[in-house]
Amino acid sequence: MAQCIEFDTERLRLRQWRESDRAPFAALNADVGVMEFFLSPLSRAESDAMVDRVTAVIDERGWGLWAVEERASGNFIGFVGLSIPRPDLPCSPCVEVGWRLAPAFWGKGYALEAARAALCVGFERIGLQEIVSFTAALNLRSEAVMQRLGMRADGVFENPALPEGHPLRPHKLYRLDRTSWSTSSRSCGNTFDTFASR
Ligand SMILES: CC(C)(COP(=O)(O)OP(=O)(O)OC[C@H]1O[C@@H](n2cnc3c(N)ncnc32)[C@H](O)[C@@H]1OP(=O)(O)O)[C@@H](O)C(=O)NCCC(=O)NCCS
């Protein structure tokens, strides 16, 4: 059991999951627009199982795919954070930054704001040397977040998680190393207090 890292940005809080997150998370996982670039939307049971997994990982490591809360409203809006992907990817072993938000919270810069803070935690608190991100090549909205984060494109690979020939199988890979991150103007920005661990 590690100390759980939780932190704030200007508009958001990234924290361990709560029981009350399960219903809004199931709603976003059932949304065909949110899940357009995944094999299928998730059932309530699949969504709850994902909450169980990510909660356990944060308990175990102290970091992971954090639940994201809008500070002004207290609303749960989705997840952003760091994860260790399956071992058979071209980037493996690697740590990935990822995101999934409810559509009502797209177009506000929230994914970018939360992901910048997650990178800050990854590089400054956890001590990672590199963080990657990848998405279905068709998922331009997600790729745009990687580009806005200042990540570097590193080609396309076939994601073994998807069936051969599936249109979502080609994935774009992006990388960011610690040196490029720390010399950019982005660095920790307004990640507050950061690392107030609980
Ligand atoms: C991928 C995803 C997180 C991107 O969300 P997003 O809101 O588009 O991303 P950002 O946080 O970077 O916001 C950028 C948008 O906010 C706008 N914006 C508004 N205020 C802003 C601010 N203060 N700062 C930055 N951008 C701001 C930008 O202009 C941009 O708008 P645009 O979409 O019209 O170009 C979201 O589409 C999603 O959850 N998709 C479904 C799940 C998914 O595909 N996950 C990735 C799997 S690999």
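Preceding this paragraph is the structure being described.
Q: Whenever I open this one, the pairing of strand β2 (residues 12-15) confuses me. Can you help?
A: Along any regular strand, the residues point their side chains to alternate faces of the sheet. Judged by which residues are buried, β2 turns out to be covered on both faces: Leu-12 and Leu-14 on one side and Arg-13 and Arg-15 on the other are all buried. Where strand β1 (residues 7-8) and β2 come together, 2 bridges link them in antiparallel fashion. Counterpart to Asp-8 in the pairing with β2 is Arg-13. Between the antiparallel neighbours β1 and β2 lie 3 residues. Note: β2 against strand β3 (residues 65-70), 4 bridges, orientation antiparallel. Looking at β3, one finds that Leu-12 is bridged to Glu-70.

Q: Teacher, can you tell me more about the packing of aromatic side chains here?
A: How two aromatic rings sit relative to each other is given by the distance of their centres and the angle of their planes. On inspection of all chains with the given rule, the structure shows 7 aromatic pairs. Judged by centre distance (4.9 Å) and plane angle (70°), the rings of Trp-17 and Phe-25 are edge-to-face. For Trp-17, a relative accessible area of 8% corresponds to the buried category. By relative accessible area, Phe-25 is classed as buried at 0%. Ring geometry for Phe-134 versus Phe-157: centroids 5.6 Å apart, planes at 80°, classification edge-to-face. Of this pair, Phe-134 sits in strand β6 (residues 130-136) while Phe-157 is found in strand β7 (residues 152-158), placing the two residues 23 residues apart along the sequence. In this structure Phe-157 comes out as buried when scored by relative accessible area, which is 8%.

Q: Looking at this model, I keep getting lost on the side chain of Arg-175. Mind explaining?
A: Among the structural elements, Arg-175 can be located in strand β8 (residues 170-177). Within the structure, the side chain of Arg-175 is placed 3.0 Å from the side chain of Glu-130, a separation counted as a polar contact. Here Arg-175 is in contact with Pro-90, Cys-91, Glu-130, Ile-131, Val-132, Met-151, Arg-152 and Asp-154, once residues within four sequence places are set aside.

Q: Where do I start with the state of the cysteines in this structure?
A: Cysteine pairs can be covalently joined through their sulfur atoms, and such a bond is termed a disulfide. Enumeration according to the criterion identifies 1 disulfide in this entry. Between the sulfur atoms of Cys-120 and its disulfide mate Cys-188 the distance is 2.0 Å. When the S-S torsion is 90°, as for the bridge of Cys-120 with Cys-188, the disulfide is right-handed. Of this pair, Cys-120 sits in helix α3 (residues 110-125) while Cys-188 sits in the segment after α5 (178-183); the two residues are 68 residues apart in sequence, bridging distant segments of the chain. Among the residues examined, Cys-188 registers a relative accessible area of 23% and is labelled partly exposed. Not engaged in a disulfide, the cysteine Cys-4 finds its nearest cysteine sulfur in Cys-120; these two sulfurs lie 16 Å apart.

Q: Explanation requested: the pattern of salt bridges in the structure shown.
A: Proximity of charged atoms lets side chains of opposite charge pair with each other. Scanning all chains against the criterion turns up 16 salt bridges. A salt bridge links Glu-113 to Arg-11, with the nearest nitrogen and oxygen atoms 2.7 Å apart. Here Glu-113, found in helix α3, pairs with Arg-11, found in the loop between β1 and β2; they are 102 residues apart in sequence, far enough to count as distant. Residue Arg-11 is classed as partly exposed on the basis of its relative accessible area of 31%. The salt bridge partner of Arg-22 is Asp-48, with a shortest N-O separation of 3.7 Å. Pair noted here: Arg-22 is in helix α1 (residues 22-29) and Asp-48 is in helix α2 (residues 44-61), with a separation of 26 residues, a long-range link.

Q: So what exactly am I meant to see when it comes to the environment of Cys-188 here?
A: Taking the C-alpha atoms as reference, Cys-188 lies 40 Å from Gly-165; in sequence the two are 23 residues apart. The residues contacting Cys-188, other than those within four sequence positions of it, are Cys-120, Glu-124 and Trp-181.

Parameters at a glance
Residues numbered from 1 in each chain as written. Predicted model: local features only at pLDDT ≥ 70, side-chain atom pairs only at ≥ 80, totals over all residues. Heavy atoms only, no water. Buried < 20%, exposed > 50% of the residue type's maximum accessible area, 1.4 Å probe, protein only. Helix = DSSP H or I, 4+ residues; strand = E, 2+ residues; numbered from the N terminus. Pairing = 2+ DSSP bridges. Phe/Tyr/Trp six-rings, centres within 6.5 Å; stacked < 30°, edge-to-face > 60°. Polar contact = N/O pair within 3.5 Å; in protein donor to acceptor, adjacent residues only side chain to side chain. Contact = heavy atoms within 4.5 Å. Disulfide = S-S within 2.5 Å. Salt bridge = Lys/Arg side-chain N within 4 Å of Asp/Glu carboxyl O.

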